[in-house]
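Here are the chains, one letter per residue:
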Amino acid sequence: MDTSVTSRGTAPATPATGAAASLRKLYFLRFAFAAVWAGLLFATADTLGPLSAVLLVVYPLFDVACAVVDARSARAVGGPVRGLYVNIALSTLTAVGLAVAATSGIPAVLRVWGVWAVTAGLVQLVVGAVRRRLGGQWAMIVSGAISTLAGASFFAQAGADGATLSNLAGYAFLGGVFFLVSALRLKHPGKSA
């Protein structure tokens, strides 16, 4: 491998730095989306109307799109993609499940979201652990663990009186913050590993 310095005075990008740069952009995008989505859902969280139903389905579909982009960039540098494919399948099934659950009410939505949060959290924890050499993945590992616990909480909330969607907004925003922290902590190109 050529490790010479380029004309700009920086070391050429390696697959690891290319993956980190790609992940950084994706994580910033995920943070921005989660922040906007959480604000919109929080504003409509007391009732399950057409806007909140669309928001609920859009969130896992956005997750699918991000996982597809992530898998393509990981595959290009020879990184592991199995967990990302599992995430794509889970999020696709969740979007369908949420579309159906939205016709039954908030408790059904909380149950579907809870199952998704548990399973997706476990996948995120594993993917973060596998990618820990890229740096910044401790936030993804912690986020995966929190997601798993939150999912169990959502499932329990579904049986409570006066259940709302507001906790889903908080969950999404916190998840976005973890993506932001990971983006900021990923190793920058040109820094030694």
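What comes next concerns the included structure. Bear in mind that the values here come from a model prediction, so they are computed numbers and not experimental data. (Residues numbered from 1 in each chain as written. Predicted model: local features only at pLDDT ≥ 70, side-chain atom pairs only at ≥ 80, totals over all residues. Heavy atoms only, no water.)

1. Some remarks on the overall build of the chain
Step number 1: Broken down by element type, the chain carries six helices and zero strands.
Step number 2: Going from N to C terminus, the chain has its helices and strands arranged as α-α-α-α-α-α.
Step number 3: By sequence separation, contacts in the chain at least 24 residues apart represent 74% of the contacts at least 6 residues apart.
Step number 4: Within the structure as shown, the chain displays about 9700 Å² of accessible surface, and the carbon and sulfur contribution to it stands at 69%. (Helix = DSSP H or I, 4+ residues; strand = E, 2+ residues; numbered from the N terminus. Contact = heavy atoms within 4.5 Å. Areas by Shrake-Rupley, 256 points an atom, 1.4 Å probe, with all protein chains shown as cover.)

2. A look at empty space enclosed by the protein
Step number 1: Inspection of the entire model under this criterion finds two cavities of 30 Å³ or more.
Step number 2: Here the largest cavity defines a volume of roughly 470 Å³.
Step number 3: Along the wall of the largest cavity there are 32 residues; nearest its centre are Arg30, Asp63, Ala120, Gln124 and Phe179.
Step number 4: At the level of elements, helix H1 (15-43), helix H2 (50-76), helix H3 (82-101), helix H4 (106-130), helix H5 (138-157) and helix H6 (166-185) are the ones that each hand at least two residues to the lining of the largest cavity.
Step number 5: Broken down by class, the residue content of the lining of the largest cavity amounts to 18 nonpolar, 10 polar and four charged.
Step number 6: Roughly 60 Å³ of volume is contained in the second largest cavity.
Step number 7: Every residue lining the second largest cavity is listed: Arg30, Phe33, Ala34, Tyr59, Phe62, Asp63 and Phe179. (1 Å grid on protein atoms, 1.4 Å probe; cavity = no way out; pocket = protein on both sides within 12 Å on 5 of 7 lines; lining within 4 Å. Points joined across faces, edges and corners; volume = space filled by probe spheres on them. Nonpolar A, V, L, I, M, F, W, Y, C, P; charged D, E, K, R; others polar.)

3. Brief notes about the pattern of salt bridges
Step number 1: As enumerated under the stated definition, the model contains one salt bridge in all.
Step number 2: Note that Arg30 and Asp63 form a salt bridge whose closest N and O atoms lie 2.2 Å from each other. Linking Arg30 in helix H1 with Asp63 in helix H2, this pair joins segments that are 33 residues apart in sequence.
Step number 3: A relative accessible area of 13% means that Arg30 is categorised as buried.
Step number 4: A residue is classified by how much of its surface remains accessible, and Asp63, at 7% relative accessible area, is buried. (Salt bridge = Lys/Arg side-chain N within 4 Å of Asp/Glu carboxyl O. Buried < 20%, exposed > 50% of the residue type's maximum accessible area, 1.4 Å probe, protein only.)

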